[in-house]
Amino acid sequence: MEPTVSVHPSQDEQRYDVVVIGGGAAGLSGALTLGRALRSVLVIDAGEPRNAPADGVHNYLGREGTPPGELLAAGRGEVRRYGGEFVAGRVATAERDGDGFRVVLDDGGEVRASRLLVTTGLVDELPEVPGLAALWGSDVLHCPYCHGWEVRDQAVGVLGTGPAAVHQALMWRQWTKSVTLFLHTAPEPGDEEYEQLAARGIGVVDGTVSALESENGRLAGVRLERGTLVPVQAMVVAPRFTARAGFLGALGLEASAQEMNGMVIGTRIPADLTGRTAVPGVWAAGNVTELTEQVIGSAAAGLRAAAAINADLTAEETRAAVEARRADFSDASEISDPSDVSGLSDVSYVSGFSPEAERRVSERVLGSRRHGL
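Report on the accompanying structure. (Residues numbered from 1 in each chain as written. Predicted model: local features only at pLDDT ≥ 70, side-chain atom pairs only at ≥ 80, totals over all residues. Heavy atoms only, no water.)

## Things to note about the packing of aromatic side chains
Part 1 of the reasoning: Applying the stated rule across the entire model yields 2 aromatic pairs.
Part 2 of the reasoning: On the numbers, 5.7 Å between centres and 85° between planes, the contact of tyrosine 145 with tryptophan 175 is edge-to-face. Of the two residues, tyrosine 145 is situated in helix H3 (residues 144–147) and tryptophan 175 in the loop between helix H4 (165–172) and strand E10 (179–182); the sequence distance between them amounts to 30 residues.
Part 3 of the reasoning: Taking the centre distance of 6.3 Å and the plane angle of 50° together, the rings of tryptophan 172 and tryptophan 175 count as tilted.
Part 4 of the reasoning: For tryptophan 172, a relative accessible area of 2% puts it in the buried group.
Part 5 of the reasoning: Ring pairs connect the aromatic residues Tyr145, Trp172 and Trp175, which therefore count as one cluster.
Part 6 of the reasoning: Note that arginine 152 overlies the ring of tryptophan 149, its terminal NZ or CZ placed 4.0 Å from the centroid. (Phe/Tyr/Trp six-rings, centres within 6.5 Å; stacked < 30°, edge-to-face > 60°. Helix = DSSP H or I, 4+ residues; strand = E, 2+ residues; numbered from the N terminus. Buried < 20%, exposed > 50% of the residue type's maximum accessible area, 1.4 Å probe, protein only. Lys NZ or Arg CZ within 6 Å of the ring centre and 35° of its normal.)

## With respect to the packing of helix H1 (residues 25–36) against helix H2 (residues 68–81)
Part 1 of the reasoning: Orientation of H1 relative to H2, taken along the N-to-C sense of each, is 20°, at an axis distance of 9 Å. The angle between H1 and H2 places the two elements in the roughly parallel class. Between H1 and H2 lies a crossing of left-handed hand. For the pair H1 and H2, contact is made by Ala25, Leu28, Ala31 and Leu32 and by Leu72, Gly75, Arg76, Glu78 and Val79, respectively. (Axes fitted to C-alpha atoms, helices over the stretch in contact; angles between N-to-C directions. Parallel < 35°, antiparallel > 145°, perpendicular 65-115°, else oblique. Left-handed = near helix turned anticlockwise from the far one by under 90°. Contact = heavy atoms within 4.5 Å.)

## Some remarks on the sheet that holds strand E16 (residues 240–243)
By definition, the strands of a sheet pair up through backbone hydrogen bonds, in either a parallel or an antiparallel sense.
Part 1 of the reasoning: What the 4 strands build is an open sheet, ordered E7-E16-E18-E17; its pairing is mixed. Of all the strands in the sheet, just strand E7 (122–125) and strand E17 (256–260) have a single pairing partner and so form its edges. Geometrically, the sheet is characterised by an average inter-axis angle of 30° between neighbouring strands, direction not taken into account.
Part 2 of the reasoning: Both E7 and E16 contribute to a ladder of 4 bridges, which runs antiparallel. Counted as the bridge partner of aspartate 124 is phenylalanine 241 from E16. (Pairing = 2+ DSSP bridges.)

## Here we look at the side chain of aspartate 45
Part 1 of the reasoning: Position of aspartate 45 among the secondary structure elements: in strand E2 (residues 41–45).
Part 2 of the reasoning: At 4.9 Å, arginine 76 is the nearest oppositely charged side chain to aspartate 45, a buried residue that forms no salt bridge.
Part 3 of the reasoning: Within polar-contact distance, the side chain of aspartate 45 engages the backbone nitrogen of glycine 23 at 3.1 Å.
Part 4 of the reasoning: A polar contact is formed between the side chain of aspartate 45 and the backbone nitrogen of glycine 47, at a distance of 3.4 Å. (Lys, Arg positive; Asp, Glu negative; His and termini not counted. Salt bridge = Lys/Arg side-chain N within 4 Å of Asp/Glu carboxyl O. Polar contact = N/O pair within 3.5 Å; in protein donor to acceptor, adjacent residues only side chain to side chain.)

## Examining unusual backbone geometry
Phi is mostly negative for residues that are not glycine, and the peptide bonds are mostly trans.
Part 1 of the reasoning: Phi is positive for leucine 38, close to 65°, though the residue is something other than glycine.
Part 2 of the reasoning: Residue position: leucine 38 is located in the loop between H1 and E2.
Part 3 of the reasoning: The phi dihedral of asparagine 216 is positive, around 55°, even though this residue is not glycine.
Part 4 of the reasoning: Note that asparagine 216 resides in the loop between strand E12 (209–215) and strand E13 (218–224).
Part 5 of the reasoning: For asparagine 216, a relative accessible area of 76% puts it in the exposed group.

## Some words on the sheet that holds E13
Part 1 of the reasoning: In space, the 3 strands of this open sheet follow the order E12-E13-E14, with antiparallel pairing throughout. In this open sheet, the two edge strands, each paired with only one partner strand, are E12 and strand E14 (229–231). In this sheet, adjacent strand axes meet at a mean angle of 30° when their direction is disregarded.
Part 2 of the reasoning: Here E12 pairs with E13 via 6 bridges, running antiparallel. The partner of serine 214 across the bridge, within E13, is leucine 219.

This is how it looks when you write it as structure tokens:
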């Protein structure tokens, strides 16, 4: 991604309404919404989308099967159309700066913002099995809704690494009759779970997996420590999902554990339904706050967060405008009778601001042309 702006310490300081940290689906959707709301927006992106190894984006209505890079390129073009700017880089830290924020990049560049939208996503921490990482996103998978159709009717293995292994195997059975659960480091299934697996025709292989073996770049099978090779065409794993959020530490915003079915699946930045975090002025959207969200859901979350940010900025601007108006009235010359404005062409000379004062000024100055408060 080519940056359209440069961010350097020597650059004349520019403050954006919103700096979006992360240029995936959530970040681009938020930036697009804010740009259409006439907000100044800068997107900072390291260019490392989580779904880069995937062949396409799935379950995204109207864009089913679109290559991830193509979807992001289209999104960047749409954001630029509404005035959004981009810079390629990685954020080192984000700090409070008066009533806004200072964002520092790894290369020392800085930029300031009134609000932050964090959409940095997560890192998939894979089980340490030789040969597994090299096939991640092609023959090594984790989400049946993202990849189940592509491996339908194939021989699918499930690498057991925790108490959710049986659940995974039962889920993937929906897409193929050939599912094998490799217990690996998962706990031994209970009697009821064994019965469920047997009823669905799911094979169970005990022992530790030593490696995944490939041939011509494709998965060939699962090698067990005891030497046996079990042929499979796809392997399902359960990564640990870790939010990319270390740069938020200076703001006192720390990642916390997220559980599913009583098991910790990773870490996330806590946020409400609009993306608002515990730090005023900071919103989060997408996988950085909702670990299991798919691309279309992340895009929707970015829109919601952007709308909430715009509303927050609007409320702040309104408060400032009211305070400025009151200050103008307060600094004006005192008039003994506020209702006596005869001869005054500028209503700002009326001392004190209130709806009643506004009504009187309207009646005396505008007469029948008044709208009033």
